[in-house]
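Survey of secondary and tertiary structure
One-letter residues, chain by chain:
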Amino acid sequence: MDWKNLLTIALGAILVNNFILVQFLGCCPFLGVSKKMDTAVGMGFAVIFVMGLASALCYPVNLLLESLDMEFMQTVTFILVIAALVQFVEMFLQKTIPSLYEALGVYLPLITTNCAVLGVVLLNVQEHYNFIESVVYGVTGGVGFLLAIVLFASVRERIALVSEIPKCFEGFPIALITAGLMALAFGGFSGLDIWR
């Protein structure tokens, strides 16, 4: 296993191809849960867990589908695996951390339909990653999600304290402008070349 390849995959998932700010996948929970830092961190860790586990579980499922010559069933099968994982996470949080479960509210089931989670397993197949590369891409893709949502939540908390925002930008419009500026900043990582 080449460590440079794994590091490239990891940095790509966190910075260069960030699911939220570069690929624009998973924007629903990003915009909905990012009003408070504690809920943003909780959602970020839940996404890391689901993306990593979905990558690990969907790899052998994909091998099975390929051996049966049923690649056309990938999307449906991956959605079922992700839905089962999210149900597991939801039950786990409800039993162990009820305060976080209540704080995430309706956004926790949204992980099931979070296109970033489905996107990571489909990109694993598209990029022909092996098992280790798939898991690294899934986990670090979740870390990139966590980074984006925590940065955005911290900015939104500070914006809520500002009283001089023009009336037409109050609330959601200033959040969208902030997200756009963050996306531009992350777009600057696209020229990153660390292996010269």
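Residues numbered from 1 in each chain as written. Predicted model: local features only at pLDDT ≥ 70, side-chain atom pairs only at ≥ 80, totals over all residues. Heavy atoms only, no water.

**Some details on the environment of Phe-88**
Structurally, Phe-88 is set in helix α4 (residues 74–96). For Phe-88, a relative accessible area of 42% puts it in the partly exposed group. Measuring from C-alpha to C-alpha, the distance between Phe-88 and Gln-126 comes to 27 Å, with 38 residues separating the pair along the chain. (Helix = DSSP H or I, 4+ residues; strand = E, 2+ residues; numbered from the N terminus. Buried < 20%, exposed > 50% of the residue type's maximum accessible area, 1.4 Å probe, protein only.)

**Points about the state of the cysteines**
Under the counting rule described, the total for this entry stands at zero disulfides. Here Cys-115 is not cross-linked by a disulfide; its sulfur's nearest cysteine counterpart is in Cys-27, at 6.9 Å. The partly exposed category is assigned to Cys-115, whose relative accessible area is 35%. (Disulfide = S-S within 2.5 Å.)

**Section: helix α6 (residues 115–126)**
For α6, built from twelve residues, the straight-helix expectation of 16 Å at 1.5 Å per residue is met to within 8% by its first-to-last C-alpha distance of 16 Å. Counted residue by residue, α6 has nine buried out of twelve residues, so it is predominantly covered. Every buried residue belonging to α6 is among Ala-116, Val-117, Leu-118, Gly-119, Val-120, Val-121, Leu-123, Asn-124 and Val-125, and all of these are buried. Each element contacted by the buried residues of α6 is listed here: α3 (37–67), α4 and α7 (131–161). A positive phi of about 60 degrees marks His-128, the residue just after α6. (Expected span 1.5 Å × (residues − 1). Contact = heavy atoms within 4.5 Å.)

**Thoughts on the packing of helix α1 (residues 3–16) against α7**
The contact between α1 and α7 brings their axes to 7 Å, and the two run at 30 degrees. Considered as vectors, α1 and α7 are oriented roughly parallel to each other. The element α1 and its partner α7 pack so that their crossing is right-handed. Here α1 contributes Asn-5, Leu-6, Ile-9, Ala-10, Ala-13, Ile-14 and Leu-15 to the contact with α7, which in turn contributes Ile-132, Glu-133, Val-136, Tyr-137, Thr-140, Gly-141, Val-143, Gly-144 and Leu-147. Of the residues that constitute the contact of α1 with α7, the class distribution is eleven nonpolar, four polar and one charged. (Axes fitted to C-alpha atoms, helices over the stretch in contact; angles between N-to-C directions. Parallel < 35°, antiparallel > 145°, perpendicular 65-115°, else oblique. Left-handed = near helix turned anticlockwise from the far one by under 90°. Nonpolar A, V, L, I, M, F, W, Y, C, P; charged D, E, K, R; others polar.)

**Focus: the side chain of Gln-74**
Its location among the elements puts Gln-74 in helix α4. Exposure remark for Gln-74: the relative accessible area of 14% places this residue in the buried category. Among the polar contacts made by the side chain of Gln-74, one reaches the side chain of Asn-62 at a distance of 2.5 Å. (Polar contact = N/O pair within 3.5 Å; in protein donor to acceptor, adjacent residues only side chain to side chain.)

**Thoughts on the pattern of salt bridges**
In this structure the tally under the stated criterion is one salt bridge. Notably, a salt bridge pairs Lys-167 with Glu-170, separated by 3.9 Å at the nearest N-O pair. Residue classification places Glu-170 among the partly exposed residues on the basis of a relative accessible area of 42%. (Salt bridge = Lys/Arg side-chain N within 4 Å of Asp/Glu carboxyl O.)

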